[in-house]
2 protein chains.
Amino acid sequence: MASTANSERKKSIEQLIAPISNDLLSGSAEIALQGMTVFKSILSSANSDADEIKADIEFASQLLIESQPAMASIFNISTSLVKTISGISSAETIKSESNKVLDHFEKLLCDSAASIADFAINLMPPGEMIFAYSFSSTVVSSLLSAKAKGRYFRVVCPESRPSMEGRKLATRLASAGIEVIYTFDSAMGMLLPSCGVAFMGCDSIGAPGLVNKTGSFLLALACHELKIPLYALCDTTKFINEERFFEFENHHRLGSEIWADPPPEVLIVNKQFELIPFDYITGLVTEDGVFTKTDLTKYISKMNNESASANLSTVKIHK
Amino acid sequence: MASTANSERKKSIEQLIAPISNDLLSGSAEIALQGMTVFKSILSSANSDADEIKADIEFASQLLIESQPAMASIFNISTSLVKTISGISSAETIKSESNKVLDHFEKLLCDSAASIADFAINLMPPGEMIFAYSFSSTVVSSLLSAKAKGRYFRVVCPESRPSMEGRKLATRLASAGIEVIYTFDSAMGMLLPSCGVAFMGCDSIGAPGLVNKTGSFLLALACHELKIPLYALCDTTKFINEERFFEFENHHRLGSEIWADPPPEVLIVNKQFELIPFDYITGLVTEDGVFTKTDLTKYISKMNNESASANLSTVKIHK
């Protein structure tokens with residue numbers, strides 16, 4: 001009986017997480033908030049069996065991490081939660097401590113978005129066009145905040161094949177009254193020279209660089225060549241240690257998303273995420289300020305050392 | 001009666017040219033051959049009225065040029081033909097002289113493709129992957145020729161939104177037994193570092209640079225930044241004088257090809273062609289050899305001077 005109940009609980013957790021797994025349009029901060037909603041839902045419907053709650057949280061945590069292997073925030077939040085409750089034996093304490101962790105991260109994500117927006121407005125050359133790639137709720141909130149502060153600007157956004165999350169970005173900005181110029185991805189080179197700055201989000205950050213949606217490296221190469229400043233906007237929950245960093249490489253998608261009926265000799269590459277070395281970005285805008293390559297290298301080296309000395313698989317990333 | 005016959009002839013010429021106008025998948029050399037087929041068809045069905053033949057050739061010429069404003073070859077062939085027959089009053093002589101012009105260009109295009117292939121094979125680093133962008137019959141014939149000579153290589157080709165002529169390229173190469181790696185356009189940055197050389201076609205060449213399908217400038221920026229040699233492959237019928245050069249700017253397409261139902265505030269940019277300054281290419285491979293930026297600048301300056309002194313709207317471009 002216990003095992004049937006167990007498998008039913010697992011099934012219902014799987015159902016909660018399935019939409020997150022299939023979400024190709026949301027940025028990493030949005031995915032993190034959706035993941036927290038899953039944990040909250042498990043906690044609110046939990047009974048008073050401490051082991052059962054722990055098992056459910058651990059199962060959900062594992063599933064969430066696997067569902068979005070490139071997303072550092074979801075990994076950091078999940079592992080932080082599992083670690084917090086690991087030594088607790090009372091169901092009530094597990095619930096209250098879990099909610100504290102979730103509330104902490106929720107507040108952090110929201111506060112960070114506001115702080116990042118304050119830094120980002122100073123990076124927008126007045127009156128110039130802004131290039132925005134893929135979909136990042138952090139980039140959206142920074143642009144909306146600048147608009148609310150009375151800044152006038154237009155945003156160029158490409159469609160972001162194959163998931164087309166550029167349409168989500170264009171729609172969100174247009175509905176806030178921001179003028180949007182929309183084009184196909186390879187027209188980036190045509191429109192970038194008219195832009196004063198380029199913004200993108202970021203899914204994870206480690207010693208080798210940033211990870212973001214495919215196309216970000218191409219944008220970074222073009223910006224570097226054209227001397228257009230490129231900033232990645234993200235909160236510090238995106239920092240991840242070395243062990244975990246290359247998980248994004250596992251995020252292959254079906255070739256048929258790109259071409260339904262290719263000749264059999266054609267190999268299709270459909271990788272969702274790619275690496276952008278720090279050399280190719282002007283700075284990383286976090287709630288703690290704008291980090292240059294030198295700042296980032298120091299910060300990450302310190303983070304990895306702390307991780308090694310503590311012999312932890314996760315890392316405390318907040319100063 | 002004469003005017004009805006005239007309008008009927010015009011209608012049938014329009015019908016011959018309509019498929020060329022709507023052809024977004026063919027490269028410039030292919031379009032040129034299709035244009036020549038239109039002229040040949042007019043000549044073979046012509047009666048013995050010299051003025052009528054001239055009017056038809058002029059009408060077709062104008063329509064062909066308008067149908068593909070970025071394509072230099074079609075402009076050069078058409079204007080050369082119109083100029084050749086302008087002073088002739090015998091229908092038979094018009095037909096024979098026209099066929100001479102068309103045969104000359106047909107032979108030139110075919111011979112050039114073979115010569116370009118001979119130069120191109122020396123630019124392919126043995127065993128390395130080759131990047132090929134958009135669709136160019138000149139690039140295809142060079143790759144097929146190298147394959148026929150026993151070279152082993154793989155070709156990376158992106159899809160080329162919105163017309164997807166990358167699929168035509170991939171299919172053509174795969175059917176010749178060449179291994180193809182196919183991906184979406186913004187994944188260029190991910191795959192380019194694994195390539196030893198990049199090839200593209202070219203629609204026209206003038207003092208400001210090359211004109212080719214949108215995405216070529218982005219490719220050129222990325223190649224320049226990654227220090228990957230980039231060659232444009234095309235015959236010398238693509239050289240065009242200053243007056244005509246910026247016609248490619250008129251080649252706007254419908255926004256709905258990119259996004260069928262955007263919010264009304266979103267402006268869609270769908271331009272098919274763009275400029276690539278010579279600084280961003282390693283060389284131009286023609287039937288006369290591989291031209292560097294310095295060679296090109298000299299060649300074009302000489303061409304424009306000859307044009308100005310002769311007070312011609314077109315230019316003799318063949319040495």
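All values derive from a computational prediction rather than experimental measurement. (Residues numbered from 1 in each chain as written. Chains lettered and ligands numbered in written order. Predicted model: local features only at pLDDT ≥ 70, side-chain atom pairs only at ≥ 80, totals over all residues.)

## Things to note about the overall build of chain A
Next, step 1: Helices and strands together make up the secondary structure of chain A, namely 11 helices and 11 strands.
Next, step 2: Scaling as 2.2 N^0.38, a compact globule of 319 residues should have a C-alpha radius of gyration of about 20 Å, and chain A matches this with 20 Å.
Next, step 3: Expressed as lengths along the three principal axes of its C-alpha atoms, the size of chain A is roughly 65 × 50 × 40 Å.
Next, step 4: When burial is assessed residue by residue, chain A has 47% of its 319 residues classed as buried.
Next, step 5: Within chain A, contacts between residues separated by at least 24 positions form 76% of all contacts whose residues are at least 6 apart in sequence. (Helix = DSSP H or I, 4+ residues; strand = E, 2+ residues; numbered from the N terminus. Rg over C-alpha atoms; globule rule 2.2 N^0.38 Å. Buried ≥ 20, exposed ≤ 12 C-beta atoms within 10 Å, placed from the backbone. Contact = placed C-beta atoms within 7 Å.)

## A few points about helix H4 (residues 72-85) of chain B
Next, step 1: Spanning 14 residues, H4 of chain B covers 20 Å between terminal C-alpha atoms, matching the ideal 20 Å at 1.5 Å per step.
Next, step 2: Along H4 of chain B, the positions that sit buried rather than exposed are Ala-72, Ser-73, Ile-74, Phe-75, Asn-76, Ile-77, Ser-78 and Leu-81 of chain B. (Expected span 1.5 Å × (residues − 1).)

## Structural notes on the sheet that holds strand E8 (residues 266-269) of chain A
Next, step 1: Taken in spatial order, the eight strands make up an open sheet running E8(A)-E3(B)-E2(B)-E1(B)-E4(B)-E7(B)-E10(B)-E11(B), and their pairing is mixed. Sheet topology places E8 of chain A together with strand E11 (289-291) of chain B at the edges, where each strand pairs with a single neighbour. The average undirected angle you get between the axes of adjacent strands in this sheet is 30 degrees.
Next, step 2: Direction of pairing for strand E7 (residues 230-233) of chain B relative to strand E10 (residues 283-286) of chain B: parallel, over a ladder of three bridges. Each bridged residue has a counterpart across the sheet, and for Tyr-231 of chain B the counterpart in E10 of chain B is Gly-283 of chain B.
Next, step 3: Helix H5 (residues 91-121) of chain B contacts E7, E10 and E11 of chain B of the sheet and is inclined by roughly 135 degrees relative to E10 of chain B. (Pairing = 2+ DSSP bridges. Axes fitted to C-alpha atoms, helices over the stretch in contact; angles between N-to-C directions.)

## Regarding the relation of the copies chain B and chain A
Next, step 1: Rotating chain B by 180 degrees and moving it 0.0 Å along the rotation axis overlays it on chain A with an RMSD of 0.0 Å. With respect to symmetry, the two chain copies, as superposed, fit the operation of a two-fold axis. (Least-squares fit on C-alpha atoms with pLDDT ≥ 70 in both.)

## Comments concerning the interface of chain B and chain A
Next, step 1: Contacts between the two partners involve 42 residues from chain B and, on the opposite side, 42 residues from chain A.
Next, step 2: Broken down by secondary-structure element, the contributors of at least two residues to the side of chain B that touches chain A are helix H7 (165-175), strand E3 (179-183), helix H8 (188-191), helix H9 (216-226) and strand E8 (266-269) of chain B.
Next, step 3: The element that contributes the greatest number of residues to the side of chain B that touches chain A is H9 of chain B, accounting for seven residues.
Next, step 4: Looking at the side of chain B that touches chain A, its residues break down into 24 nonpolar, nine polar and nine charged.
Next, step 5: One ladder, built from four bridges, connects E8 of chain A with E3 of chain B; its direction is parallel. Within the sheet, the bridge partner assigned to Val-269 of chain A lies in E3 of chain B and is Thr-183 of chain B. (Nonpolar A, V, L, I, M, F, W, Y, C, P; charged D, E, K, R; others polar.)

## Looking at the pairing of strand E4 (residues 195-200) of chain B
All names here are of chain B.
Next, step 1: Summarising burial for E4: five of the six residues are buried, a large majority.
Next, step 2: Both strand E1 (residues 129-133) and E4 contribute to a ladder of five bridges, which runs parallel. Of the residues in E4, the one forming a bridge with Met-129 is Cys-195.

## A look at helix H5 (residues 91-121) of chain A
Residue and element names in this part refer to chain A.
Next, step 1: In this model H5 runs 45 Å from its N-terminal to its C-terminal C-alpha over 31 residues, within 8% of the 45 Å that 1.5 Å per residue would give.
Next, step 2: Turning to H5, its buried residues number three or more, namely Ile-94, Ser-98, Leu-102, Phe-105, Leu-109, Ser-112, Ala-113, Ile-116, Ala-117 and Ala-120.
Next, step 3: Elements in contact with the buried residues of H5: helix H2 (28-44), helix H3 (50-67), helix H4 (72-85), helix H6 (137-148), strand E7 (230-233) and strand E10 (283-286).

## Comments concerning the sheet that holds strand E2 (residues 154-158) of chain A
Next, step 1: Strand order across the open sheet formed by eight strands is E11(A)-E10(A)-E7(A)-E4(A)-E1(A)-E2(A)-E3(A)-E8(B), with mixed pairing between neighbours. Looking at strand neighbours, the two that pair on one side only are strand E11 (289-291) of chain A together with E8 of chain B, the edges of this open sheet. Each strand of the sheet is rotated relative to its neighbour by a mean of 30 degrees, with strand direction disregarded.
Next, step 2: Here E10 of chain A runs beside E11 of chain A; their pairing, made up of three bridges, is antiparallel. Of the residues in E11 of chain A, the one forming a bridge with Thr-286 of chain A is Gly-289 of chain A.
Next, step 3: Each of strand E1 (129-133), E2, strand E4 (195-200) and E7 of chain A is contacted by H6 of chain A, which is oriented at about 110 degrees to E7 of chain A, the strand it contacts most.

## Concerning the packing of helix H3 (residues 50-67) of chain B against H4 of chain B
All names here are of chain B.
Next, step 1: Between H3 and H4, whose axes approach to 9 Å, the crossing angle comes to 160 degrees. As far as their axial angle goes, H4 and H3 are roughly antiparallel. Between H3 and H4 the crossing geometry is left-handed. Of the residues in H4, those touching H3 at Lys-54, Ile-57, Glu-58, Ser-61, Leu-64 and Ile-65 are Ile-74, Phe-75, Ser-78, Thr-79, Leu-81, Val-82 and Ile-85.
Next, step 2: For the contact of H3 with H4, the per-class residue count stands at eight nonpolar, three polar and two charged. (Parallel < 35°, antiparallel > 145°, perpendicular 65-115°, else oblique. Left-handed = near helix turned anticlockwise from the far one by under 90°.)

## Observations regarding the domain arrangement of chain A
Residues and elements named next belong to chain A.
Next, step 1: Domains assigned within chain A are domain 1 (2-113) and domain 2 (115-310).
Next, step 2: Here the C-alpha centre of domain 2 lies 26 Å away from the C-alpha centre of domain 1.
Next, step 3: Contact residues are listed per partner, giving 22 residues for domain 1 and 28 residues for domain 2.
Next, step 4: Looking at the side of domain 1 that touches domain 2, the elements that each hand over two or more residues are H2, H4 and H5.
Next, step 5: Ranked by the residues each element gives to the side of domain 1 that touches domain 2, the list is headed by H5, at six residues.
Next, step 6: The class makeup of the residues in the side of domain 1 that touches domain 2 is 14 nonpolar, six polar and two charged. (Domains from an automatic or database assignment.)

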